[in-house]
Amino acid sequence: LQPVEIDDLSATSATACTSITIYGVNFSETASENIVKFNDVVATVTSASDSELVVTVPSGATSGDLTVTTKGNTATWESFTILINEATMTMDDVDHTYSGFCSSVVSGRFW
């Protein structure tokens, strides 16, 4: 088996829930066969080719190593930085909305 390698990233820092591209060699072309972790927190691989992976930075990730494991091999990119994603809550007299997470959520009714 050829070793998997990470050559570059589209960004070396990002907020949770944003997408980045990992450039390298010997990735699996099947997205689910590539395990990407941000400091041990598993990310979602949304598309894959032999030389590129598009991944979503997982909620709960912390700064540290980014790893790609595929075909029994692991490659590491040191020092990926997770930026703080400011969360907000807005309220009116009927609903409250949370945003700044991986999605916005409208919940609750005030009576």
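Residues numbered from 1 in each chain as written. Predicted model: local features only at pLDDT ≥ 70, side-chain atom pairs only at ≥ 80, totals over all residues. Heavy atoms only, no water.

S.K.: Teacher, can you tell me more about the overall build of the chain here?
M.R.: From N to C terminus, the chain includes 0 helices and 12 strands. Listed by position from the N terminus, the elements making up the chain come as β-β-β-β-β-β-β-β-β-β-β-β. A total of 111 residues make up the chain; the buried ones form 29% of that total. By sequence separation, contacts in the chain at least 24 residues apart represent 45% of the contacts at least 6 residues apart. When the accessible surface of the chain is totalled, it reaches about 6,500 Å², and 50% of it is carbon and sulfur. (Helix = DSSP H or I, 4+ residues; strand = E, 2+ residues; numbered from the N terminus. Buried < 20%, exposed > 50% of the residue type's maximum accessible area, 1.4 Å probe, protein only. Contact = heavy atoms within 4.5 Å. Areas by Shrake-Rupley, 256 points an atom, 1.4 Å probe, with all protein chains shown as cover.)

S.K.: How should I be thinking about the packing of aromatic side chains in this particular structure?
M.R.: The geometry of two aromatic rings is summed up by the distance between their centres and the angle between their planes. Considering all chains together, one arrives at 1 aromatic pair under this definition. Pairing phenylalanine 38 with phenylalanine 80 gives two aromatic rings, centres 5.0 Å apart and planes at 75°, and the pair type is edge-to-face. Of this pair, phenylalanine 38 sits in strand β4 (residues 35–38) while phenylalanine 80 sits in strand β9 (residues 73–83); the two residues are 42 residues apart in sequence, bridging distant segments of the chain. Relative accessible area serves as the criterion here: at 1%, phenylalanine 38 is assigned to the buried category. (Phe/Tyr/Trp six-rings, centres within 6.5 Å; stacked < 30°, edge-to-face > 60°.)

S.K.: How do you make sense of the environment of valine 54 when you look at a structure like this?
M.R.: Note on placement: valine 54 falls in strand β7 (residues 52–56). The spatial distance from the C-alpha of valine 54 to the C-alpha of serine 10 is 9.5 Å, given a sequence separation of 44 residues. Valine 54 has contacts with Ser19, Ile20, Thr21, Thr44, Val45, Thr46 and Ser47, leaving out every residue within four places of it along the chain.

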